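# Per-entry structural report
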Amino acid sequence: MSGTPGEAAGARQTVSVVLPLLLHGEPDWDEGPLPFGTEQRPWDAERRRGYFAPAAARALYGGRRHRRTSVTAGPLVLEGLELLRVATPRQPRQALGVLHLAVHGAPLLDVLRAIGHRTGAGPDPLTGPLDPAVLFGGVADTAPPRAPFALSRPYTVAFLTPCATHTAVLRDADGALPASADHRLRELASRSTETDNPSPPERLAGVAAEAIRISADWSALVGRHGAAFLGHRPDRGAGDFYEFAAVQARAVYLDALLLGMIQRDHLDALTDELSQVFDGAPGLARRVSALERNIAVFRSAYWRRHQTVHGPADGLLRAFQARHRLPELFTDILAEAADYSRIVQTRESGQIAGALGVLTVLGLPLGTALSVLQVLGDENPWHLLTALTGALAATAAALTTRYGRLVLASLRGEPHRRRRGD
């Protein structure tokens, strides 16, 4: 891969690639997320659950499977695969696939640019033995989804720790962080250089405010198509704190971002459902009722204010939500669903009023005729038949009036069209 002249690879470099899938069936992989860390204390599902609310933990680990594997292709080493079900009411086979890769000997930014298909970057590394279609063959369909707003290209979560030569990202002797560190953090998150995607000075100044300072040692930044974790002191190798940080970036912190992706996929499904409420077919009340139920299920299972008790993980989740404008989208969905519910209620109220009006129009002439006969004591069947005929004629005449037409239109659930002269 061709890199930036003079750029050296980081001391530790990993990237987790997240992509959308459609499952063919339940794979015979091991249950739970891919456990990182030591065998004595692995970061498995049981350990990670303590960082999330029960509903969020069920969403993250209830339908998750993993498979350990080792595939080497150039500077990339695949360490394992994961599958996470994110079934929506309209797409029960929807899932997210995760490739956990280590990068050796090549600048991490070069790998990310190639994954992002940047102009002038090297060939896409997710081909050949690392092609998702090969890795998930027989398990899931890896073709990009056609639905709007869906994740149409891989989302990358990069982790890099510097060597002593990476002075641009290191804190100075006074502990201050140079602007070049946030500049590199943005490049890793966006999978681009200034040549690929020049930023105005105002945008670069805002990166410092958007960055999440996990500690003095490292920071994170969440973008629309990727997230990045970057160290700010030299990595001392085996036994360094960065061993733990690398595990966290692939475990709890990645899970927080996956939860945001689950929320986004469900909100996209609700948006699509909203767009088809008025599809011309009968059953508007039924469709609106199903929509309201799906919104309630989503809010209960996936959209609570506190999904994680861990500060950095919560910050990553909120940054992902803000980057994809998920709170605003959910607010719009609630407002639109409320409008549709009012329309249904108004229509049902009109139909009830119409039914009462029909009963009035039908019953008043008939009741009047029968009351007259009863007062007169007339029991002649021909007179009764004449009264019934007259009552029906009066009813038919009443239904031709403006009030009668309003009653019939309300009963059918249709707006009454005013005609000239009404």
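A brief look at the structure comes next.

Rules of the game
- Residues numbered from 1 in each chain as written.
- Predicted model: local features only at pLDDT ≥ 70, side-chain atom pairs only at ≥ 80, totals over all residues.
- Heavy atoms only, no water.
- Helix = DSSP H or I, 4+ residues; strand = E, 2+ residues; numbered from the N terminus.
- Expected span 1.5 Å × (residues − 1).
- Buried < 20%, exposed > 50% of the residue type's maximum accessible area, 1.4 Å probe, protein only.
- Pairing = 2+ DSSP bridges.
- Axes fitted to C-alpha atoms, helices over the stretch in contact; angles between N-to-C directions.
- Parallel < 35°, antiparallel > 145°, perpendicular 65-115°, else oblique.
- Contact = heavy atoms within 4.5 Å.
- Nonpolar A, V, L, I, M, F, W, Y, C, P; charged D, E, K, R; others polar.
- Lys, Arg positive; Asp, Glu negative; His and termini not counted.
- Salt bridge = Lys/Arg side-chain N within 4 Å of Asp/Glu carboxyl O.
- Polar contact = N/O pair within 3.5 Å; in protein donor to acceptor, adjacent residues only side chain to side chain.

## Things to note about helix α10 (residues 311-323)
Note on helix geometry: an α-helix contains 3.6 residues per turn, so any two residues three or four positions apart are oriented the same way. With 13 residues, α10 should cover 18 Å at 1.5 Å per step; its first-to-last C-alpha distance of 18 Å lies within 8% of that length. Buried within α10 we find Pro312, Ala313, Asp314, Leu316, Leu317, Phe320 and Gln321. Of the residues trailing α10, Arg325 is marked for its positive phi of about 55°.

## A look at the pairing of strand β1 (residues 12-23)
Regular strands show a simple pattern: their side chains alternate between the two faces of the sheet. In terms of residue burial, β1 counts as a mostly covered element, since 11 of its 12 residues are buried. Across seven bridges, β1 lies against strand β9 (residues 155-161) in antiparallel orientation. From the neighbouring strand, Thr14 faces β9, where its bridge partner is Phe159. Looking at chain direction, β1 and strand β7 (residues 94-103) are connected through nine bridges and run antiparallel. Across the sheet, the residue bridging to Thr14 is Ala102, located in β7. With two bridges joining them, β1 and strand β8 (residues 140-141) adopt antiparallel strand pairing. The partner of Leu23 across the bridge, within β8, is Ala140.

## Side note on the packing of helix α8 (residues 252-275) against helix α9 (residues 284-302)
Two elements in contact, α8 and α9, have axes whose closest approach is 11 Å; the angle formed by their N-to-C orientations is 170°. Classed by the angle they form, the pair α8 and α9 counts as roughly antiparallel. Together, Ile262, Gln263, His266, Leu267, Leu270, Glu273 and Leu274 of α8 and Ala290, Leu291, Asn294, Ile295, Phe298 and Tyr302 of α9 make up the contact between the two elements. Among the residues making up the contact of α8 with α9, the classes are represented as nine nonpolar, three polar and one charged.

## Here we look at the side chain of Arg191
Residue position: Arg191 is located in the loop between α5 (179-190) and α6 (201-210). Asp124 provides the closest opposite charge to the buried, unpaired Arg191, separated from it by 9.4 Å. Here His225 takes part through its backbone oxygen, which lies 3.1 Å from a polar atom of the side chain of Arg191. With residues near it in sequence (within four places) discarded, Arg191 still touches Leu109, Leu112, Arg113, Ile115, Gly116, Arg118, Arg153, Pro154, Tyr155, Thr156 and His225.

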